[in-house]
Amino acid sequence: MNIAVISGSARPERQSHQVAVEVKNSLDKLNIRNWLFDVKELNLPLLDYTYDKHPAPGEILKQLKNKLDHTDAFIIVSPEHNGSFSGALKNTMDYFYKEYAHKVFGIVTVSSGVLGGINALKNLQHYVLKLNGIVAPEFLITPQVQKLFTNQQLTDESYGQRMNKFLDAFVALAEIVYQSKEQDARQV
Ligand SMILES: Cc1cc2nc3c(=O)[nH]c(=O)nc-3n(C[C@H](O)[C@H](O)[C@H](O)COP(=O)(O)O)c2cc1C
């Protein structure tokens, strides 16, 4: 099983990226194959053509398409920006559509306030449904992200425990869906 961890803020001073890296490191420790789908690093232009309709997709878009085709499940790590998930995240993800279908999505939201990005979470759950994704019922909200890390290291133990609980539930569901697809493919 191969999981994409989407880091959803494109801001130079983004805080949520630390959470995405922590999710990635935790998956590494569990020996689960994964890769970082970083909207800042990809730096895609404002959406003009979706991948399928693109007259001349560049190398970055082609490589991303290939990686998405080989991805079985997603964990979106999104900041809350003005009561929703980030525009940069949506702009990047909207280049693709069928590549997300019938794959499990775990959602992690991040804010500097006390509500942990709950509004972004609700909007993301709807967005994932529109993509024909499978929304994992377990989620992780991250209040006051500025208090959780010291020198890029997670220092808040209780948040670490909540992340592990989220990951356990997400991985269990993603694994069930992945194994059932593998079984179907073997029977064809
Ligand atoms: C344009 C913008 C809008 C924001 N709106 C909200 C908000 O509605 N609710 C909230 O809790 N935090 C809000 N924040 C604070 C972010 O949650 C905070 O920057 C946090 O670190 C996650 O975003 P980041 O990864 O881009 O840093 C906003 C930040 C920006 C830059």
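The coordinates are above.
A. Quick peek at helix 5 (residues 118-130). Taking 1.5 Å per residue, 13 residues should reach 18 Å; helix 5 reaches 19 Å between its end C-alpha atoms and fits that length. A120, L121, L124, Y127 and V128 are the residues of helix 5 that are buried. Buried residues of helix 5, seen end-on, are gathered within an arc of 125° and therefore sit on one face of the element. Turned more than 90 degrees away from the buried face of helix 5, the exposed residues are H126, L129 and K130. On its buried face, helix 5 is in contact with strand 3 (73-79), strand 4 (104-110) and strand 5 (134-142). Phi turns positive one or two residues past the end of helix 5, at N132, with a value near 65°.

B. The arrangement of the nonpolar core in detail. Of all hydrophobic cores here, the largest spans 43 residues; its most connected members are V5, I6, I75, I76, V77 and V108. When contributions to this core are tallied by element, the ones reaching two or more residues are strand 1 (2-7), helix 1 (16-29), strand 3, helix 4 (87-93), strand 4, helix 5, strand 5 and helix 6 (157-187). Top contributing element to this core by residue count: helix 6, with 7 residues. Sequence-distant contacts of V5, that is, excluding residues within four places in its chain, are made with A20, V23, K24, N34, L36, F37, I75 and V77.

C. Main features of the site of the ligand. With respect to spatial proximity, 16 residues lie near the ligand, and among them Q15, S16, P79, S111 and G113 are the closest. In terms of residue class, the shell around the ligand is built from 4 nonpolar, 9 polar and 3 charged.

D. Spotlight on the pairing of strand 2 (residues 33-38). Taken together, the 6 bridges between strand 1 and strand 2 define a ladder with parallel strand orientation. Considered in strand 2, the bridge of I6 is made with F37.

Conventions we followed
Every chain begins its residue count from 1, and numbering advances along the sequence as written. Local features are withheld for residues below a pLDDT of 70 in this predicted model, meaning they are given only at 70 or higher, and side-chain atom pairs are given and counted only at 80 or more; totals for whole chains, interfaces and linings count all residues. Secondary structure counts use DSSP, requiring at least four H or I residues in a row for a helix and at least two E residues in a row for a strand, with both numbered from the N terminus. By this rule, a helix spans an expected 1.5 Å times one less than how many residues it contains. To assign burial, the other C-beta atoms lying within 10 Å of each residue's own C-beta are counted, with C-beta atoms placed from the backbone; 20 or more indicates buried, 12 or fewer indicates exposed, and intermediate counts indicate partly exposed. Our arc is simply the arc of the directions from the helix axis toward the C-beta atoms. Here the contact rule is simple: place C-beta atoms from the backbone, and any two residues whose C-beta atoms are within 7 Å are in contact. Defined on buried residues, the nonpolar core groups Ala, Val, Leu, Ile, Met, Phe, Trp, Tyr and Cys residues joined through C-beta atoms within 7 Å. In this analysis, residues qualify as near a molecule or strand once their C-beta atom, positioned from backbone atoms, comes within 6 Å of it. Residue classes follow a fixed rule: Ala, Val, Leu, Ile, Met, Phe, Trp, Tyr, Cys and Pro count as nonpolar, while Asp, Glu, Lys and Arg count as charged, and any other residue, Gly among them, counts as polar. DSSP calls a pair of strands paired once it identifies at least 2 bridges connecting them.

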